[in-house]
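In case you want the letters, here they are:
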Amino acid sequence: MFILNLAASDVMMCLLSLPITPVTNIYKNWYFGNALCHLIPCVQGVSIFICTFSLGAIAVDRYILVVKPHKKPLSRRGAVFATLILWSLSFIVTLPYAFNMEMVDFSSQGVCGKFCTERWTTALARRSYTMVVMFSQFALPFTLMAFCYAHIFLVLNRRAKVKLRRMDERSIALENSLPSRTYQVSERKENETNEPVNSFLDKQEKERQRLIQQNRRTTYILVAMVVWFGLTWLPHNVVSLIIEYDETQTFFRLFGREELDISYLLNLFTHW
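Here the structure is a predicted model, which means the values were calculated and not measured.

Reading guide: rules and limits
- Residues numbered from 1 in each chain as written.
- Predicted model: local features only at pLDDT ≥ 70, side-chain atom pairs only at ≥ 80, totals over all residues.
- Heavy atoms only, no water.
- Helix = DSSP H or I, 4+ residues; strand = E, 2+ residues; numbered from the N terminus.
- Buried < 20%, exposed > 50% of the residue type's maximum accessible area, 1.4 Å probe, protein only.
- Contact = heavy atoms within 4.5 Å.
- Areas by Shrake-Rupley, 256 points an atom, 1.4 Å probe, with all protein chains shown as cover.
- Salt bridge = Lys/Arg side-chain N within 4 Å of Asp/Glu carboxyl O.
- UniProt positions renumbered as here; feature names shortened; annotations may be inferred.
- Phe/Tyr/Trp six-rings, centres within 6.5 Å; stacked < 30°, edge-to-face > 60°.
- Expected span 1.5 Å × (residues − 1).
- Bend = angle between axes of the 7 residues up to and from the residue.
- Axes fitted to C-alpha atoms, helices over the stretch in contact; angles between N-to-C directions.
- Parallel < 35°, antiparallel > 145°, perpendicular 65-115°, else oblique.
- Left-handed = near helix turned anticlockwise from the far one by under 90°.
- Nonpolar A, V, L, I, M, F, W, Y, C, P; charged D, E, K, R; others polar.
- pLDDT = per-residue confidence, 0-100.

The helix and strand inventory of the protein stands at six helices and two strands. Taken from N to C terminus, the helices and strands of the protein fall in the order α-α-α-β-β-α-α-α. Per-residue burial for the protein yields a buried fraction of 32% across its 272 residues. Once local pairs closer than 6 in sequence are excluded, the contacts in the protein between residues at least 24 apart make up 73%. Carbon together with sulfur atoms contributes 65% to the accessible area of the protein, which is approximately 17800 Å² in total.

Have a look at this one:
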């Protein structure tokens, strides 16, 4: 169910961002009316929030399955209920952003025509909302993912160590149970006697190597998921905070020149 949420958010973003954003950026004008000026940012915001919320929910679901195996797993009805909650929260958090969108006419400045942009009543309201977005869209899911996957790694690593220790104990016990070479009638008889044992020990060693490789692969995957989430969303949130609290609007100006302000480019590229 949570995977479907991710797919739905991607489809929504592609359907609304791909056709509209290039047209707006190229022609420097908003052609889609006042209603869509509120609706499209709302849908885009919901798709982003549902994506990050779903990633956090997936981490919690895996945490319960691995770390708390004796607990009842999430049922289909529970998954549907959780999905409804995630979509509702995404819509609620996005509402202030959509409500404060407004069509502004910049034609008098010779920059562009009408443009759909944010217009907040006060700077405090905008900054407060920026902090809410950073917490709910990045900090909370990232913390959940880091916590859950760290505990999953510890549990899986502990289980793997227990299995390896038991395998080593069985191998040592089996080797110690073998008769000494001095009691063998001949070398051929010794080989015939030890052949099943050697085969078992070889299988044990292969299984041991498989567990080690599996544990290493699991570690890479869990670490990559958390790190990749942080790398993709942290730059955007940091740039947004700097833009929001830079009252002089000079932080991203190269050599202090207004015409070399790269804040828009940074904000654009950090949406990856």
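Attention now moves to the pattern of salt bridges. By the definition in use, this model includes two salt bridges. Taking the shortest distance from any N to any O, the salt bridge between Glu-118 and Arg-126 comes out at 3.9 Å. Glu-244 is the partner of Arg-126 in a salt bridge, and the nearest nitrogen-oxygen pair spans 2.7 Å. Highlighted residues: Arg-126 in helix α4 (residues 123-177) and Glu-244 in helix α5 (residues 187-245), separated in sequence by 118 residues. Classification of Arg-126 by relative accessible area gives partly exposed; the value is 28%. In the salt-bridge network here, residues are joined through shared partners; they are Glu-118, Arg-126 and Glu-244.

When the UniProt feature table is mapped onto this chain numbering, "transmembrane region" (unreviewed entry) sits at residues 38-60, 80-99, 138-157 and 218-236. Spanning residues 138-157, this segment combines 100% helix with 0% strand, and its end C-alpha atoms are found 28 Å apart. Each end of residues 218-236 is marked by a C-alpha atom, and these two atoms are 28 Å apart; helix forms 100% of the span and strand 0%.

What characterises a pair of aromatic rings is the spacing of the ring centres plus the angle enclosed by the ring planes. Summed over the entire model, instances satisfying the criterion amount to seven aromatic pairs. Measuring from ring centre to ring centre gives 6.4 Å for Phe-142 and Phe-229, while their planes differ by 15 degrees; the resulting arrangement is stacked. Residue Phe-142 is located in helix α4, and its partner Phe-229 is located in helix α5; the two are separated by 87 residues in the primary sequence. Overall, the relative accessible area of 3% leaves Phe-229 in the buried class.

Attention shifts here to helix α3 (residues 76-99). For α3, spanning 24 residues, the distance from its first C-alpha to its last is 34 Å, which sits close to the expected 34 Å at 1.5 Å a residue. The axis of α3 is deflected most strongly, by about 30 degrees, at Val-93, and proline Pro-96 appears within four residues downstream. Within the sequence span of α3, burial applies to Gly-78, Ala-79, Thr-83, Leu-86, Ser-90, Val-93, Thr-94 and Ala-98.

Where helix α1 (residues 2-27) meets helix α2 (residues 33-67), the axes come as close as 9 Å, and the angle between the chain directions of the two elements is 155 degrees. Taken together, the axis directions place α1 and α2 in an arrangement best described as roughly antiparallel. Viewed along their axes, α1 and α2 form a crossing whose handedness is left-handed. Where α1 approaches α2, its residues Phe-2, Ile-3, Asn-5, Leu-6, Ser-9, Met-12, Met-13, Leu-16, Ser-17, Ile-20 and Thr-21 are matched on the opposing element by Ile-40, Val-43, Gln-44, Ser-47, Ile-48, Ile-50, Cys-51, Ser-54, Leu-55, Ala-57, Ile-58 and Asp-61. Split into classes, the residues belonging to the contact of α1 with α2 amount to 15 nonpolar, seven polar and one charged.

What follows concerns the packing of α2 against α3. Following both chains from N to C, one finds α2 and α3 inclined at 145 degrees, their axes separated by 8 Å at the closest point. Between α2 and α3 lies a crossing whose hand is right-handed. Contacts from His-38, Pro-41, Cys-42, Gly-45, Val-46, Phe-49, Ile-50, Phe-53, Ser-54 and Ala-57 in α2 reach Leu-86, Trp-87, Leu-89, Ser-90, Phe-91, Val-93, Thr-94, Tyr-97, Ala-98 and Phe-99 in α3. Of the residues contributing to the contact of α2 with α3, the split by class is 15 nonpolar, five polar and no charged.

This paragraph deals with the confidence of the model for the protein. The pLDDT averaged across the protein works out to 79; a share of 81% of its residues lies at or above 70. Averaged pLDDT values for the elements of the protein fall to 66 in helix α6 (residues 263-269) and rise to 90 in α3. Counting interchain partners and residues more than four positions distant, the pLDDT-below-50 stretch residues 181-190 has five contacts.

Let us look at the environment of Ile-58. When you line up the elements, Ile-58 lands in helix α2. A relative accessible area of 11% places Ile-58 in the buried class. Setting aside anything within four residues of it in sequence, one finds Ile-58 in contact with Phe-2, Ile-3, Leu-6 and Tyr-149.

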